[in-house]
Amino acid sequence: MTAPAEPSSDATPAKSLAGRLYHSAVVWSWASQGLRLASGLILLPLAWRFLGDRDLGMYWLFLRLMEVTWVLDFGFSASLARFVSYAAAGARELQSEGVAPTQAGNPPNLPLLWQLVGTAQALYRRLSLLALVLLATGGSVAIGLHVADTSQPRITWIAWILAALSAVLELYAGWWNNYLRGMNEVRVSAMIQTGALAVRLVIAASLFFFGAGLLALPIAILISSLLQRSLARHRAIQLLGNRPSNLGQPLIAKLWPTSWRIGVQYLSNYVATLLITLLCAEIFRLEGYAAYDTSLRLAAIAQAVAGVWVSVKWPVAAHGFARHDLASVRHLLLPRFWYQNFTYLACAAALVLGGPYLLAILGTGKQLLPTMWFVIMLVHVFFEMQMNFWTTLVSLENRVRSMPSVVVTSAMTVLGVAGFLFSGMQSYGALVIPPVLAYMVFHNWYWPWKGARTLGMHVSGLLIPTQWR
């Protein structure tokens, strides 16, 4: 919650540049995204190299089952970070929906911030227990159906137990880092995440080399999650000071009205993605699915890299909404909105022109979609990024209005894909055209208009820098 010290004026240019880079939340967030990309580029070939075909199939099943924790978060992390931002901006009270007026210059509300710590602890204990029950029951049943096909069934069971525990720990431990972001400690949060990802990558790669097989990734996740929790918790306690003897009642009821709406959005997106995956694998077989999935993951990486421009400023923007200072929010976010767009377009162009060569150099054996369909997919992901920006902006009013349209759009996308495929269209267009059409119906025009109104301006003003102040 404190600004970093500026480099001294007599520093050499090189040191000044190094200092600016070190204190840049954007740079550290990019480093985190880079390590996520590196994990894919390094760990996947290692898994292909050191795991047999059946063990590799079990590896993918582990990862798919572990994703249930992401769904179980159910939007609470976003709502919690938003509430922490309001309290850090000096809010005296929190509302289930809407933002209570906050005077500019108010100091952080430390009692309320501590109450949110207690809320997060109570909430994530329950979510973690639920995740553990689901993975121990349904997950174990799914593993048991195929465990005999693996090279070492007993090791597979041990690996699955560690995988389930690591997924649960990651769910519980992750909220501390999210809490730091809400306190506008975005740079520190990104640094901690970058360090944890680096540790995870080194441990997993080393264990693969030493023959740990299916045990490699679960052990790496366990260690890196513990490290991230320890560092993030230590930094948060430094900022909050001594823990009160009574944290007050958990505020879960106030988090729920917005959280369940975000959670339904997450769930609809997850189910839509899973259904499209199954349809793709059924029609195009595994080889065709690999090309689609590889292309989609590269597009998601471009979106994540571009989105860093904005994501590092959401906590400050939430402070502006808490103080009803729309002018400062416009001045803060709109230039970065355009930086985000230009960065994505540059990344997309690089992927179209250089993506096939990159995969060939890496020797992964993977293919991308044909150029035309890949371009259309990248266009869709661009508009998806716009929708994410505007719906997140609108949610800073502590109201989630996007849930019905997201659910309907997900359903339209799945029905469109199924309709194209079963009508005889056996090309990748059946997968990439329906999302584009579904977004055009509502998302592409409504959310820019609604977002501009939320900022107190007309949508045409988004193109005029003089109206951003």
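Residues numbered from 1 in each chain as written. Predicted model: local features only at pLDDT ≥ 70, side-chain atom pairs only at ≥ 80, totals over all residues. Heavy atoms only, no water.

J.: What am I meant to see in the overall build of the chain here?
T.: Check the secondary structure of the chain and you find 16 helices and zero strands. The contacts in the chain between residues at least 6 apart in sequence include a share of 82% that link residues at least 24 apart. For the chain, the accessible area works out to roughly 21,800 Å², and carbon and sulfur atoms hold 65% of it. (Helix = DSSP H or I, 4+ residues; strand = E, 2+ residues; numbered from the N terminus. Contact = heavy atoms within 4.5 Å. Areas by Shrake-Rupley, 256 points an atom, 1.4 Å probe, with all protein chains shown as cover.)

J.: For this particular structure, what's the right way to read the packing of aromatic side chains?
T.: The description of an aromatic ring pair uses the distance of the two centres, along with the angle that the planes make with each other. Counted under the stated rule, the structure contains 22 aromatic pairs. With centroids separated by 5.2 Å and ring planes inclined at 70°, the aromatic side chains of F337 and W338 adopt a geometry described as edge-to-face. What makes F337 buried here is its relative accessible area of 4%. Assessed through its relative accessible area of 21%, W338 is described here as partly exposed. (Phe/Tyr/Trp six-rings, centres within 6.5 Å; stacked < 30°, edge-to-face > 60°. Buried < 20%, exposed > 50% of the residue type's maximum accessible area, 1.4 Å probe, protein only.)

J.: I keep staring at a nonpolar patch on the surface and nothing clicks. Help me out?
T.: On the surface, L129, L132, V133, I161 and L165 cluster together to form a nonpolar patch covering roughly 430 Å² of accessible area. Of all the elements in the fold, those that place two or more residues in the nonpolar patch are α6 (110–144) and α7 (153–182). Among the elements that make up the nonpolar patch, the one with the highest residue count is α6 (three residues). By the secondary structure assignment, L132 is in helix α6. (Patch = residues over 30% accessible without salt bridge, like charges linked within 9 Å, V, L, I, M, F, W, Y side chains within 5 Å. Salt bridge = Lys/Arg side-chain N within 4 Å of Asp/Glu carboxyl O.)

J.: Just to check I follow, could you spell out the nonpolar core for this structure?
T.: Taken as a class, soluble globular proteins show a tendency for nonpolar side chains to be buried jointly. Formed by 96 residues in total, the largest nonpolar core has its most connected members in Y124 and Y179. In terms of residue count, α6 provides more of this core than any other element does, 13 residues in total. Contacts of Y124, omitting those with residues within four sequence positions, involve D73, F76, S77, L80, L171, Y172 and W175. Core analysis: the second largest hydrophobic core is formed by 30 residues, F284, M377, L421 and L431 among them. (Core = buried A, V, L, I, M, F, W, Y, C linked by side-chain atoms within 4.5 Å.)

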